[in-house]
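Residue-level listing of the chains:
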Amino acid sequence: MKKNNYSRFVKSSFWSRLPILRVTAAMALGIACGHYFVFDYFTISIIIMVVAALATMLALAFKGRDVLRGISVVMLMAAFFAFGLANVSLRTRPIISDTGASVVYGYISKIVKHDAQRCRVEVAADSVITVDTKFFAINGLLTVEDSTYMPHIGQRLRAVAEIIEPVNRNFGAFDYASYLRNNDIQFMSRANTYEVLPDDVQNIWTFVGSVRELVMEQLRRCNISETNLSFIQALFLGDKSRLDPAIRQSFSDCGTIHVLAVSGLHVGIIYGLLFFIFSRTVGRFSRKLSIILILLGLWFYALLTGCSPSVLRAAVMMSAVTIAPLFDRETNVYSSLCIALFVILMCDPNALFSVGLWLSFLAVMGIVSMSPVLKLFYWPQNRVGQFIAGSLYVTLTAQLATLPVILYIFHQFPNYFIVNNLVLVSLAAPILYIVVATLILSPIPIIGSFLGEYVVNGLVDFVMKYVDFASALPHSVTHGIYFGAPELLALLMIVASIMALCIKGNLRSFVWVVRAVVVFCVVEMAVTVFESNKTDVTVFDAYGRTDIAVRQNGHVTHFLSDLEFNPLLTMVDNYNVRHRVASAKMRQIASGDVIVVDSTRISYVCDWLDYNVVEDSTYCVVSADLLPPIGNVSHVHFINTQGVRNRHIWQRALDREQVASVDYVSAINTYVFVP
């Protein structure tokens with residue numbers, strides 16, 4: 001964008017300069033309402049669309065031009081709001097909860113994880129036959145416990161499998177059920193027996209899968225080690241199914257996990273390579289043909305990596321920037337971002353709830369809004385200094401913009417992220433370029449083997465050693481940072497106001513920054529006071545063991561069944577951080593122990609059959625099956641640890657009026673005592 005156009009852009013509001021932002025915001029609001037509120041989306045959507053059309057016709061017939069423009073804009077936004085509702089209604093399907101034996105027919109659409117013990121694949125099922133119902137045309141996850149099984153995309157299967165209902169077993173656990181629902185996955189299953197059927201499905205994803213396998217086979221012939229191949233498969237193709245979890249955790253601790261997830265960084269590198277090749281060859285004869293070839297190569301790479309939201313965002317933005325000069329149009333980053341978000345939500349409304357999409361868009365917004373301001377303070381005159389300063393500014397602004405989401409999702413902060421990003425991001429481009437060169441030259445055995453065995457292996461080995469070293473440094477990562485939804489919204493307000501201040505640079509924007517900081521402080525104090533004054537008992541279920549946490553006035557005593565069980569202690573730490581616990585004591589609990597909280601007795605038993613001997617003033621906690629409380633407990637937040645059997649137990653407690661209500665959606669069992 002030219003300088004005068006940029007100045008004109010920042011002096012006006014986003015709302016007036018970006019018409020696409022209006023319809024995109026309306027559609028996103030419709031998708032969010034359809035996701036969080038339960039009502040007849042489709043019927044209401046049709047009604048809103050019809051009303052919007054009638055109102056627009058009336059405006060055309062009776063009103064003046066200015067009023068017509070305003071009404072037309074409002075009606076257009078209403079129509080896209082309704083479209084978002086209808087899109088969610090048509091795409092959202094409930095997760096199968098009929099646990100037990102079933103038969104799955106379908107083909108593999110994605111390989112999620114593949115190691116020496118098991119293979120987990122995403123299946124597009126033609127049908128799933130359970131005990132009670134037959135489901136058609138649904139997606140699911142299938143785990144095959146067979147080290148010899150070699151899956152490929154498009155392979156057709158018939159599996160006798162056990163349907164597993166996804167649950168969030170404990171406090172602070174990842175909401176796996178919501179994750180599956182947002183990714184259009186309706187069931188989880190573990191195959192007891194399976195059979196590979198002969199008729200593989202032939203479609204675009206089958207073709208892409210075969211290209212991926214061909215790429216990996218060519219690299220394997222160039223003497224690249226298997227460990228390094230799994231890294232390249234993640235870096236170049238976005239496939240982390242063979243990546244060691246320890247390597248992934250090390251990258252996360254370094255604050256460089258985005259290097260492994262194909263995103264705008266990788267798409268930009270490939271785009272730069274395509275632009276360099278075609279602009280200097282075909283571009284000398286035909287500019288339009290070179291642009292077409294660049295776009296074809298760009299979108300083929302996007303398909304090759306699986307078209308994640310971050311990849312789609314980068315591909316759409318770069319396509320807009322590339323095509324605009326052909327029509328003598330000027331474009332800017334903000335309009336390209338809006339176009340990218342609009343296209344992504346049109347194709348997949350559930351992408352609105354993707355962490356990758358939020359991180360990608362926030363990072364770009366942070367870079368384009370805050371980096372120019374940092375350059376005003378210091379910008380070297382030599383190229384080396386400009387490269388270092390530019391990389392530093394990009395890292396800082398991207399980290400600041402994505403900080404709220406990172407803290408909310410991962411509850412940790414990498415302390416050395418600046419140095420780690422400068423090293424690893426700088427190496428990403430050379431590694432990708434050399435991998436592409438190795439693929440092109442692989443038919444020549446001597447050159448391909450030399451590049452693969454010495455250059456690629458050498459660079460990847462250096463990256464692995466550096467990541468191991470950086471993640472092992474003292475205080476490399478700060479764990480136990482908890483931010484709930486209120487803190488997340490307040491932090492996003494701070495980030496948005498800082499971006500507005502950098503773009504506008506006026507006093508009003510600075511006032512909004514101060515307001516956002518005050519709001520965050522108030523929210524943080526309110527949450528701390530609310531959590532520290534609660535009295536409750538929380539029951540954790542950790543792989544068949546139970547931890548009871550009794551909290552009173554910000555102090556917690558944990559009664560642990562096994563003090564040496566590390567995952568259990570990790571959950572206790574998360575509990576303390578989230579509830580702002582001032583102090584905690586831990587002691588081991590034995591069968592039959594009684595804990596007294598505000599004159600309420602809690603008995604710990606080891607057999608759920610002892611339910612009938614419970615007295616009115618006591619409730620029981622069982623090591624594997626959690627029994628209903630009775631007496632002065634008003635409400636139960638229940639985690640379904642043992643499937644249908646526990647549902648019957650809790651329903652029986654409701655029928656006998658021993659429990660006022662039961663909530664099956666909480667991740668933990670919290671018993672709140674009535675004063």
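As a starting point, this report considers the structure included with it. (Residues numbered from 1 in each chain as written. Predicted model: local features only at pLDDT ≥ 70, side-chain atom pairs only at ≥ 80, totals over all residues. Heavy atoms only, no water.)

1. Considering the packing of helix 16 (residues 417-441) against helix 17 (residues 445-471)
The description of two helices packed together rests on the angle between their axes and the distance between the axes.
Piece 1. Running from N to C, helix 16 and helix 17 point in directions that differ by 160°, and their axes come no closer than 10 Å. If you check the angle between helix 16 and helix 17, you find them roughly antiparallel. Handedness of the helix 16/helix 17 crossing: left-handed. On helix 17, the residues touching V419, N420, V423, L424, L427, I431, I434, A437, T438 and L441 of helix 16 are I447, G448, L451, G452, V455, V456, L459, F462, V463, Y466, V467 and A470.
Piece 2. When its residues are assigned to classes, the contact of helix 16 with helix 17 shows 18 nonpolar, four polar and no charged. (Axes fitted to C-alpha atoms, helices over the stretch in contact; angles between N-to-C directions. Helix = DSSP H or I, 4+ residues; strand = E, 2+ residues; numbered from the N terminus. Parallel < 35°, antiparallel > 145°, perpendicular 65-115°, else oblique. Left-handed = near helix turned anticlockwise from the far one by under 90°. Contact = heavy atoms within 4.5 Å. Nonpolar A, V, L, I, M, F, W, Y, C, P; charged D, E, K, R; others polar.)

2. Let's talk about the pairing of strand 1 (residues 100-114)
Piece 1. The pairing of strand 1 with strand 4 (residues 156-164) spans eight bridges and is antiparallel. The residue bridging Y105 from the neighbouring strand is R158, located in strand 4.
Piece 2. Relative to strand 2 (residues 119-129), strand 1 is paired through 10 bridges, and the arrangement is antiparallel. Each residue of the ladder has a partner; that of I108, found in strand 2, is V123.
Piece 3. The turn joining strand 1 and strand 2, which pair antiparallel and follow one another in sequence, is formed by four residues. (Pairing = 2+ DSSP bridges.)

3. Comments concerning unusual backbone geometry
Piece 1. The backbone of H475 sits at a positive phi, close to 60°, despite the residue not being glycine.
Piece 2. When you line up the elements, H475 lands in the loop between helix 17 and strand 7 (477-479).
Piece 3. With relative accessibility at 67%, the residue H475 sits in the exposed group. (Buried < 20%, exposed > 50% of the residue type's maximum accessible area, 1.4 Å probe, protein only.)

4. Quick word on the side chain of S335
Piece 1. In this structure, S335 sits in helix 13 (residues 333-347).
Piece 2. When neighbours within four sequence positions are excluded, S335 is seen to be in contact with L18 and I20.

5. Comments concerning the packing of aromatic side chains
Piece 1. Evaluated as defined, the whole model comprises nine aromatic pairs.
Piece 2. Ring geometry for W379 versus Y393: centroids 6.4 Å apart, planes at 35°, classification tilted. A residue pair is termed long-range when its members are at least 10 positions apart, and W379 in the loop between helix 14 (355-377) and helix 15 (383-410) and Y393 in helix 15 qualify at 14 residues.
Piece 3. Note on Y393: relative accessible area 9%, which makes it buried.
Piece 4. Note that R515 overlies the ring of W512, its terminal NZ or CZ placed 4.8 Å from the centroid. (Phe/Tyr/Trp six-rings, centres within 6.5 Å; stacked < 30°, edge-to-face > 60°. Lys NZ or Arg CZ within 6 Å of the ring centre and 35° of its normal.)

6. Notes on the pattern of salt bridges
Here the idea is simple: oppositely charged side chains can pair when their charged atoms come close.
Piece 1. Counted under the stated rule, the structure contains nine salt bridges.
Piece 2. Here R156 ties to D126 by a salt bridge, and the two come within 2.3 Å at their closest N and O atoms. Of this pair, R156 sits in strand 4 while D126 sits in strand 2, and the two are 30 residues apart along the sequence.
Piece 3. Assessed through its relative accessible area of 14%, R156 is described here as buried.
Piece 4. Residue E524 is joined to R580 by a salt bridge in which the shortest nitrogen-to-oxygen separation is 3.0 Å. Placement of E524 in helix 19 (residues 507-532) and of R580 in the loop between helix 20 (566-578) and strand 11 (583-588) is noted, with a sequence separation of 56 residues between them.
Piece 5. The partly exposed category is assigned to E524, whose relative accessible area is 23%.
Piece 6. Put simply, E217, R220, R221 and E226 are held in one network by salt bridges that share partners. (Salt bridge = Lys/Arg side-chain N within 4 Å of Asp/Glu carboxyl O.)

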